[in-house]
Amino acid sequence: MLWLPGDFVRNIVKAVALNKWRRLQCFGHRLPLAIENAVKDDSHISRATGLFKKLVGHFSHSWKKKVALTEVQEELHLPKHALLTECPTRWGSRQRMIERVLEQQKALSQVLLADRKTRHLVPQWQDTDVLESVSKALKPLQEFTDALSGEDYVSVLYLKPVLHLFNTKILAVNDEDSDLTNAIKSNVLEYINKNYDDEDTQELLDMASFLDPRFKTNYIAVDKLPNIKAKDAVNSESTTERQNVDTDLPSSAKKQSLWEAFLRLSQPCQHLCSLKMPLPLR
């Protein structure tokens, strides 16, 4: 079972199609796209988010407002947290910006109302209600974007359990939530399921979770289980045969693995590789 994981760059999609490979869509890209798709056409969300961005920008460019905010935070016994700006390419930064403004809403309103020129930036109750609904729907999704786009572990093993968690708990409609919160949840879930519901992809996800002893058959449909077990048995036999063939070959005929080649070529710079370098920002 050979798959090529990747994003949605056109040349990658074209190469996969020309070579008749199978492509597993990157969950780290799909989840932010699902979230953007769920909120982009709502004018109320766009207006409220735009107001919050202007508010944060005003405090970022005025040291007097920052000092006043710190004083009011102390007066109201609020955490002395700075406001956070949004990065357009990282949806999680918008979520953190919204959370921080909601947390400091009383202090921000008091500072802005004290100046006649900034009273128009005070969030109205309609804006607050809208973004509270948005935050309630999206906050649980923050950790999944980075967790399922990792490079140091096989994240595909977790994809089937996570999709199950999304469908049964995190993005499930709740009668206690607002209509907007439930609508966002449903839109995100529909987009994600649509991109992972084809038969080949489901078979890959079933096999990946089946091979993980923590999950095994917990997230596999009963009618799909016999097929997964049969394919696992065939793969195990072929792997054993290949290992036996490799054992019988003379050492000079064995092919050098990519990892062995990397180790050999990196010998002169091992002292650099041993240094702990900071991870680049994604």
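Quick notes on the rules
Residues numbered from 1 in each chain as written. Predicted model: local features only at pLDDT ≥ 70, side-chain atom pairs only at ≥ 80, totals over all residues. Heavy atoms only, no water. Helix = DSSP H or I, 4+ residues; strand = E, 2+ residues; numbered from the N terminus. Buried < 20%, exposed > 50% of the residue type's maximum accessible area, 1.4 Å probe, protein only. Contact = heavy atoms within 4.5 Å. Areas by Shrake-Rupley, 256 points an atom, 1.4 Å probe, with all protein chains shown as cover. Expected span 1.5 Å × (residues − 1). Phe/Tyr/Trp six-rings, centres within 6.5 Å; stacked < 30°, edge-to-face > 60°. Lys NZ or Arg CZ within 6 Å of the ring centre and 35° of its normal. Patch = residues over 30% accessible without salt bridge, like charges linked within 9 Å, V, L, I, M, F, W, Y side chains within 5 Å. Salt bridge = Lys/Arg side-chain N within 4 Å of Asp/Glu carboxyl O. Lys, Arg positive; Asp, Glu negative; His and termini not counted. Charge placed at Lys NZ, Arg CZ, Asp CG, Glu CD. Core = buried A, V, L, I, M, F, W, Y, C linked by side-chain atoms within 4.5 Å. 1 Å grid on protein atoms, 1.4 Å probe; cavity = no way out; pocket = protein on both sides within 12 Å on 5 of 7 lines; lining within 4 Å. Points joined across faces, edges and corners; volume = space filled by probe spheres on them. Axes fitted to C-alpha atoms, helices over the stretch in contact; angles between N-to-C directions. Parallel < 35°, antiparallel > 145°, perpendicular 65-115°, else oblique. Left-handed = near helix turned anticlockwise from the far one by under 90°. Nonpolar A, V, L, I, M, F, W, Y, C, P; charged D, E, K, R; others polar.

1. Describing the overall build of the protein chain
- Scanning the protein chain for helices and strands turns up 14 helices and two strands.
- A buried classification covers 35% of the 282 residues belonging to the protein chain.
- Long-range pairs, those at least 24 residues apart, make up 64% of the contacts in the protein chain between residues at least 6 apart in sequence.
- When the accessible surface of the protein chain is totalled, it reaches about 18500 Å², and 56% of it is carbon and sulfur.

2. Some remarks on helix α11 (residues 199–211)
- The end-to-end C-alpha distance of α11 is 18 Å, a good match for the 18 Å that 13 residues give at a rise of 1.5 Å each.
- Across the 13 residues that make up α11, a large majority, ten, are buried.
- All buried positions along α11 are accounted for by Thr201, Gln202, Glu203, Leu204, Leu205, Asp206, Met207, Ala208, Ser209 and Phe210.

3. Some words on the packing of aromatic side chains
- Counted under the stated rule, the structure contains four aromatic pairs.
- Plain terms: the ring middles of phenylalanine 215 and tyrosine 219 are 6.0 Å apart, the flat faces sit at 70° to each other, and that makes the pair edge-to-face.
- Its relative accessible area of 11% is what places phenylalanine 215 among the buried residues.
- Residue tyrosine 219 is classed as partly exposed on the basis of its relative accessible area of 27%.
- Aromatic rings pair up to connect Phe27, Phe166 and Tyr196 into one cluster.
- Directly above the aromatic system of phenylalanine 210 lies the positively charged group of lysine 216, at a separation of 4.3 Å from the ring centroid.

4. Some details on a negative patch on the surface
- Where like charges cluster on the molecular surface, the negative patch consists of Asp197, Asp198, Glu199 and Asp200.
- With respect to the helices, strands and loops of the structure, aspartate 198 is situated in the loop between α10 (179–196) and α11.
- Exposure remark for aspartate 198: the relative accessible area of 34% places this residue in the partly exposed category.

5. Comments concerning the nonpolar core
- Phe27, Leu31, Leu141, Phe166, Ile184, Val188 and Ile192 are the most contacted members of the largest nonpolar core, which totals 49 residues.
- The dominant element in this core, judged by the number of residues it contributes, is helix α3 (residues 43–60), at seven residues.
- Among all residues touching phenylalanine 166, those that are not within four sequence positions of it are Phe27, Leu31, Leu141, Phe144, Leu171, Ala172, Leu189 and Ile192.
- Core analysis: the next-biggest nonpolar cluster, separate from the first, contains five residues, Met207, Phe210, Ile220 and Leu225 among them.

6. Some words on the environment of isoleucine 184
- Summarising the element assignment, isoleucine 184 is placed in helix α10.
- C-alpha separation for the pair isoleucine 184 and leucine 171, spaced 13 residues apart in sequence, amounts to 8.7 Å.
- The residues contacting isoleucine 184, other than those within four sequence positions of it, are Ala38, Val39, Ile45, Val134, Ala137 and Leu138.

7. Section: empty space enclosed by the protein
- Summed over the entire model, instances satisfying the criterion amount to one cavity of 30 Å³ or more.
- Empty space within the largest cavity amounts to approximately 80 Å³.
- If you trace the largest cavity, you find it lined by Ile35, Glu36, Val39, Ile45, Thr49, Trp91, Arg94, Gln95, Ile98, Val134 and Leu138.
- Listed by contribution, the elements that provide at least two residues to the lining of the largest cavity are α2 (27–39), α3, α5 (91–103) and α7 (125–138).
- Element by element, the count of residues in the lining of the largest cavity is highest for α5, at four residues.

8. Remarks on the packing of α5 against α7
- For the pair α5 and α7, interaxial distance at closest approach is 10 Å and the crossing angle is 130°. By the angle between their axes, α5 is oblique relative to α7. Judged by the twist between their axes, the crossing of α5 over α7 is left-handed. Residue-level contacts link Trp91, Gln95, Ile98, Glu99 and Leu102 of α5 to Thr128, Leu131, Glu132, Val134, Ser135 and Leu138 of α7.
- Across the contact of α5 with α7, the residue classes break down as six nonpolar, three polar and two charged.

9. Description of α10
- Here α10 is 18 residues long and its end C-alpha atoms lie 26 Å apart, about the 26 Å a rise of 1.5 Å per residue gives.
- Residues of α10 that are buried include every one of Thr181, Asn182, Ile184, Lys185, Val188, Leu189, Tyr191, Ile192, Asn195 and Tyr196, and no others.
- Looking at the buried positions of α10, the neighbouring elements they touch are β2 (22–25), α2, α3, α7, α9 (156–170) and α11.

10. Focus on the pattern of salt bridges
- Scanning all chains against the criterion turns up twelve salt bridges.
- A salt bridge links aspartate 127 to arginine 47; its shortest N-O distance comes to 2.5 Å. Residue aspartate 127 is located in helix α7, and its partner arginine 47 is located in helix α3; the two are separated by 80 residues in the primary sequence.
- Taking the relative accessible area as the measure of exposure, aspartate 127 reaches 5% and is therefore buried.

In short, the description is geometric, and any link to function would need to be established separately.
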